[in-house]
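Now for the letters of each chain:
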Amino acid sequence: MKRTSYESVDNGPVSRRRFLSTALGACAICPPLGFSPMQLAASMSASLTKEQRDSMTPLQVIDELKKGNERFRTAKMAPRDYLAEKRSSAAGQYPAAVVLGCLDSRVPAEIVFDAGIGDIFTGRVAGNVVNDDMLGSMEFGCAASGAKLVLVLGHTACGAVKGAIDDVVLGNLTGLLARIKPAIPGTKFDGEKSSKNASYVDAVARTNVVLGLAEIRRRSPILEELEKKGNIKIVGAMYNLATGLVEFVG
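Residues numbered from 1 in each chain as written. Predicted model: local features only at pLDDT ≥ 70, side-chain atom pairs only at ≥ 80, totals over all residues. Heavy atoms only, no water.

Trainee: I'd like a rundown of the sheet that holds strand β5 (residues 149-155), residues and numbers included.
Mentor: The strands making up a sheet associate through backbone hydrogen bonding, with each pair oriented either parallel or antiparallel. Ordered by their spatial adjacency, five strands build an open sheet running β4-β3-β5-β6-β7, and the pairing between neighbours is mixed. Looking at strand neighbours, the two that pair on one side only are β4 (120-124) and β7 (246-249), the edges of this open sheet. Looking at each pair of strands side by side, their axes are set apart by 25° on average, direction ignored. Sheet analysis places strand β3 (residues 97-101) next to β5, joined by five bridges and oriented parallel. When the sheet's bridge partners are listed, alanine 97 is paired in β5 with leucine 149. (Pairing = 2+ DSSP bridges. Helix = DSSP H or I, 4+ residues; strand = E, 2+ residues; numbered from the N terminus. Axes fitted to C-alpha atoms, helices over the stretch in contact; angles between N-to-C directions.)

Take a look at the structure:
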């Protein structure tokens, strides 16, 4: 439950900004455990504050997600005190991003981005499909709560995408897979178009992410307007199950 945590470092007038266990401001300190100054927070036992979140741009949020993913895939995840984060966020939360990911148990967004409690909103549904409930959740996260980023996170070897390709019929899953099927004709691919072809499945999954971004903008005037004003960015990404790398798209 508790990883080793470090004491807060007093940097005097230097503003300490912590997000996803990294510092946005350059801190004149010697980093332990091989972390660079940009990857070391002054405190790893507190959640993101409103002031810290509001000071960030959408592009800075993306950059911090990339840094967190690099720490994850290189086995340099930040030490973290989850109980302290729980206590610090109990009275309020100020996440910087809304992540729509797949139900797949191998793609937990908080872990692959090395995020703490209170850092990101996370919604998960098979095939990371965009539906009314997810759109409402994104609108809450951004328009009501102030998050700076909407991220649709797909992944390689997606079972839901395979099911859509194979035209699986199974109860309520049938309707869910129907939301993925537009990505099939929308994918340009030279080779065997089969669920047994891993490259084809991944290509359809990527198209599904891109179409999801268009769906968000089309079906949510609120989010589209926030993006036009520069208050948020709406982007996609693909997570590689084998390498742990998150590649941003769209």
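Trainee: Can you lay out the state of the cysteines for me, pointing to particular residues and giving the numbers?
Mentor: Considering all chains together, one arrives at zero disulfides under this definition. With no disulfide partner, cysteine 102 has as its closest neighbouring cysteine sulfur the one in cysteine 158, 4.1 Å distant. (Disulfide = S-S within 2.5 Å.)

Trainee: Can you explain the side chain of lysine 148? Please cite residues and give values.
Mentor: Topologically, lysine 148 is positioned in the loop between α5 (132-144) and β5. With no salt bridge to any partner, buried lysine 148 finds its closest opposite charge in aspartate 54, at an N-O distance of 5.1 Å. Setting aside residues no more than four positions away along its own chain, lysine 148 makes contact with Arg53, Asp54, Met56, Pro58, Val61, Ala96, Asn231, Ile232 and Lys233. (Buried < 20%, exposed > 50% of the residue type's maximum accessible area, 1.4 Å probe, protein only. Lys, Arg positive; Asp, Glu negative; His and termini not counted. Salt bridge = Lys/Arg side-chain N within 4 Å of Asp/Glu carboxyl O. Contact = heavy atoms within 4.5 Å.)

Trainee: Could you give an account of the nonpolar core, with specific residues and numbers?
Mentor: Core analysis: the largest hydrophobic core is formed by 39 residues, its most contacted members being Met138, Cys142, Val161, Ile180, Ile216 and Leu223. Taken together, the elements giving at least two residues each to this core come down to β3, α5, β5, α6 (159-165), α7 (173-180), α8 (198-219), α9 (221-228) and β6 (233-239). For leucine 223, the contacting residues outside a window of four places in its chain are Met138, Glu139, Cys142, Ile216, Ile232 and Ile234. Of all hydrophobic cores here, the second largest spans 21 residues; its members include Ile62, Val112, Leu153 and Val235. (Core = buried A, V, L, I, M, F, W, Y, C linked by side-chain atoms within 4.5 Å.)

Trainee: A description of a nonpolar patch on the surface should follow, citing residues and the corresponding values.
Mentor: Taken together, the side chains of Val168, Leu170 and Leu173 define a hydrophobic patch exposed on the protein surface, amounting to about 220 Å² of accessible area. Turning to its location among the elements, leucine 170 is positioned in the loop between α6 and α7. Relative accessible area serves as the criterion here: at 55%, leucine 170 is assigned to the exposed category. (Patch = residues over 30% accessible without salt bridge, like charges linked within 9 Å, V, L, I, M, F, W, Y side chains within 5 Å. Areas by Shrake-Rupley, 256 points an atom, 1.4 Å probe, with all protein chains shown as cover.)

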